[in-house]
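Fold and contact review
Each chain, written out:
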Amino acid sequence: MDSALNDPHNGSAEAVNPTNGTTRPPSTPEGIALAYGSLLLMALLPIFFGALRSVRCAHGKNASDMPETITSRDAARFPIIASCTLLGLYLFFKIFSQEYINLLLSMYFFVLGILALSHTISPFMNKFFPANFPNRQYQLLFTQGSGESKEEIVNYEFDTKDLVCLGLSSIVGVWYLLRKHWIANNLFGLAFSLNGVELLHLNNVSTGCILLGGLFVYDVFWVFGTNVMVTVAKSFEAPIKLVFPQDLLEKGLEADNFAMLGLGDIVIPGIFIALLLRFDISLKKNTHTYFYTSFAAYIFGLGLTIFIMHLFKHAQPALLYLVPACIGFPVLVALAKGEVTEMFSYESSAEILPHTPRLTHFPTVSGSPASLADSMQQKLAGPHRRRPQNPSGM
């Protein structure tokens, strides 16, 4: 949803706490550095591991584990639909009670967050189960009609290990629902981001350029041209952004002076970086030049965003800096290596089974968990879903 890196209270003057009107001291340089560094680290984790897991998805033989592919047509319409939905959310918060809207959103993301977190931790949790763990298979089947006209609505396969992961994730979900604690928010946000990078695949580099270019304009307009995105980001009580307190050193875990990073600034560049990793593997040169280049470009772009935001004391559209870096650096490397033609002719969807589903449900705003929900609901609750295996290494 929020695609801007925002730090509302990093100035030298005392800031007013909007909840009770009291003033609070400005953040210390150490607190600001800790918050920025933590946001950067949290942004890198789902991109790195999500890209690795996207390779397993692309080469998976189980049709139910196939990712959703974004085509150039999808990419071109993406910013338009995102803009309409963002504006709609803004109007909703202006017209209706913010309290009731956030209550509904909390319940919605409570369910999706549990599913996303369970799917995220499942491969890692499998390593901790003993060999003699009594693992049983289950199936949840819903059908419609009878006889020859019977149609499967839900065919969900899972096992005991999945139930354990779901139980652990539910604890985090209840914590988030009751306390809205920033750590629970970040656990859900990281899970949404990793699932997005893993399960949403660009079909080629040209589509990636269209998507990133369109969202570049989208991000700049809604952050610099209006106050819509920042207003919605601050009103929207849902795990659609990563946050980290700048006053953690002073207040501990009860800190409340947050810097934030929208999930769109992670997922959108992340799916492009994951595409370049799959392109690296397709070259069969046993190197990952383009992946590491784009990954370094992301670090550079986000670091530049943080620097500019801190310098001008104003929320920044992170894609303004991330898009040129993430596209420009790999293209320059391809020019230097004489592989531009190979890069732009690479088709990621060629490695996926012909019946791979195409992305037909669009995000509400760029990179929000609501957008990832559409793909995740098909992946996590769709027909014949099986528990994923451990992510493969590079």
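Since this is a predicted model, take the numbers as computed values, not measurements.

It is worth spelling out the overall build of the protein at this point. Within the protein one finds 13 helices and ten strands. Out of the 394 residues in the protein, the part that is buried amounts to 53%. Expressed as a percentage of contacts within the protein between residues at least 6 apart in sequence, the contacts between residues at least 24 apart total 79%. In the form shown here, the protein has an accessible surface area of approximately 17100 Å², with 66% of it arising from carbon and sulfur atoms.

UniProt feature "transmembrane region" (unreviewed entry): in the numbering of this structure it lies at residues 33–55, 75–93, 100–121, 199–224, 258–277, 289–312 and 318–336. Summarising residues 289–312: 100% helix, 0% strand, and an end-to-end C-alpha distance of 34 Å.

As enumerated under the stated definition, the model contains eight salt bridges in all. For the salt bridge of R179 with E254, the shortest nitrogen-to-oxygen distance reads 3.8 Å. You can see R179 sitting in helix 4 (residues 160–179) and its partner E254 sitting in the loop between helix 8 (248–251) and strand 9 (258–262), a full 75 residues away along the chain. Between K337 and E339 there is a salt bridge, with the nearest N and O atoms lying 4.0 Å from each other. Judged by its relative accessible area of 37%, K337 falls in the partly exposed class. On the basis of relative accessibility, which here comes to 5%, the residue E339 falls in the buried class. A cluster of three or more residues bridged by salt bridges with shared partners is formed by R53, R56 and E198.

Here we take up unusual backbone geometry. The general pattern is negative phi for most residues beyond glycine and trans for most peptide bonds. With a phi angle near 55 degrees, K284 is a residue other than glycine that sits in the positive phi range. Mapped onto the fold, K284 is located in the loop between helix 9 (264–283) and helix 10 (289–312).

On to the pairing of strand 6 (residues 151–159), then. Alignment of strand 5 (residues 137–144) against strand 6, held across eight bridges, turns out to be antiparallel. Looking across to strand 6, one finds that Q139 is bridged to E157. Linking strand 5 to strand 6, which pair antiparallel, is a turn of six residues; within it G145 sits at a positive phi near 85 degrees.

Contact geometry of helix 6 (residues 205–225) with helix 9 gives a least axis separation of 10 Å together with a crossing angle of 165 degrees. Accordingly, the angle class assigned to the pair helix 6 and helix 9 is roughly antiparallel. Crossing handedness for the pair helix 6 and helix 9: left-handed. In contact with V205, G208, C209, L211, L212, L215 and D219 of helix 6, helix 9 contributes D265, I268, I271, F272, L275 and L276. Residues belonging to the contact of helix 6 with helix 9 are distributed by class as follows: ten nonpolar, one polar and two charged.

What follows covers the packing of helix 9 against helix 11 (residues 319–337). A pair of packed helices is captured by two measures, namely the crossing angle of their axes and the spacing between those axes. Closest axis-to-axis distance for the helix 9/helix 11 pair is 10 Å, and the angle between their directions is 5 degrees. By the angle between their axes, helix 9 is roughly parallel relative to helix 11. Every residue of helix 11 that contacts helix 9 at D265, P269, F272 and L276 is listed here: L319, L322, C326, I327 and P330. For the contact of helix 9 with helix 11, the per-class residue count stands at eight nonpolar, no polar and one charged.

Turning next to the side chain of R53. Among the secondary structure elements, R53 is positioned in helix 1 (residues 29–58). A distance of 3.1 Å separates the side chain of R53 from the backbone oxygen of H119, its partner in a polar contact. Polar side-chain contacts of R53 include one of 3.0 Å to the backbone oxygen of T120.

Cut-offs used in this document
- Residues numbered from 1 in each chain as written.
- Predicted model: local features only at pLDDT ≥ 70, side-chain atom pairs only at ≥ 80, totals over all residues.
- Heavy atoms only, no water.
- Helix = DSSP H or I, 4+ residues; strand = E, 2+ residues; numbered from the N terminus.
- Buried < 20%, exposed > 50% of the residue type's maximum accessible area, 1.4 Å probe, protein only.
- Contact = heavy atoms within 4.5 Å.
- Areas by Shrake-Rupley, 256 points an atom, 1.4 Å probe, with all protein chains shown as cover.
- UniProt positions renumbered as here; feature names shortened; annotations may be inferred.
- Salt bridge = Lys/Arg side-chain N within 4 Å of Asp/Glu carboxyl O.
- Pairing = 2+ DSSP bridges.
- Axes fitted to C-alpha atoms, helices over the stretch in contact; angles between N-to-C directions.
- Parallel < 35°, antiparallel > 145°, perpendicular 65-115°, else oblique.
- Left-handed = near helix turned anticlockwise from the far one by under 90°.
- Nonpolar A, V, L, I, M, F, W, Y, C, P; charged D, E, K, R; others polar.
- Polar contact = N/O pair within 3.5 Å; in protein donor to acceptor, adjacent residues only side chain to side chain.

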